Amino acid sequence: LHEFDFPEEILSEIYVNLKDNGVLFIEEELAKVEGQLHEGCNKRLFTENQLTDLLAQHHFFCVNVTHKSDQSKIISFKKQL
């Protein structure tokens, strides 16, 4: 999600198109400190709180967090109806 230029618009479209009982999975490398840049694309990474706050602003709530590696997590969200 951090690589998209307009994540807010993408999340709005996902909300409209995701079934009411659907689950959105986001796999992200998360920032350890605010403002950290991704080594590969040099774009700003989200902290876990920033990511969940952004999704909450677009009417999603977190249902599960899975640690993939030291820096990467898979976070699943559902729609707030």
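Residues numbered from 1 in each chain as written. Predicted model: local features only at pLDDT ≥ 70, side-chain atom pairs only at ≥ 80, totals over all residues. Heavy atoms only, no water.

(A) Structural view of the packing of aromatic side chains. All told, the structure shown has one aromatic pair when counted by the stated rule. Between Y15 and F60, the ring centres sit 5.5 Å apart and the planes meet at 85°, which makes this aromatic pair edge-to-face. Placement of Y15 in helix α1 (residues 7-17) and of F60 in strand β2 (residues 60-67) is noted, with a sequence separation of 45 residues between them. Judged by relative accessible area, Y15 falls into the partly exposed class, the value being 21%. Directly above the aromatic system of Y15 lies the positively charged group of K79, at a separation of 4.5 Å from the ring centroid. (Phe/Tyr/Trp six-rings, centres within 6.5 Å; stacked < 30°, edge-to-face > 60°. Helix = DSSP H or I, 4+ residues; strand = E, 2+ residues; numbered from the N terminus. Buried < 20%, exposed > 50% of the residue type's maximum accessible area, 1.4 Å probe, protein only. Lys NZ or Arg CZ within 6 Å of the ring centre and 35° of its normal.)

(B) View of the nonpolar core. Within the largest apolar cluster, 13 residues are counted, with the highest numbers of intra-cluster contacts made by L1, L24, I26, L51, L55 and F77. Going through the elements one at a time, β1 (23-29), α2 (48-57) and β3 (72-79) are the ones with two or more residues in this core. The element that contributes the greatest number of residues to this core is α2, accounting for three residues. Non-local contacts of I26, meaning those with residues more than four positions away in its chain, are made with L1, L51, L55, K73, I74, I75 and F77. (Core = buried A, V, L, I, M, F, W, Y, C linked by side-chain atoms within 4.5 Å. Contact = heavy atoms within 4.5 Å.)

(C) Spotlight on the environment of E34. Its place among the elements puts E34 in the loop between β1 and α2. Sequence spacing of E34 and H2 is 32 residues, and the spatial spacing of their C-alpha atoms is 13 Å. What E34 contacts, discounting residues up to four positions off in sequence, is T47 and Q50.

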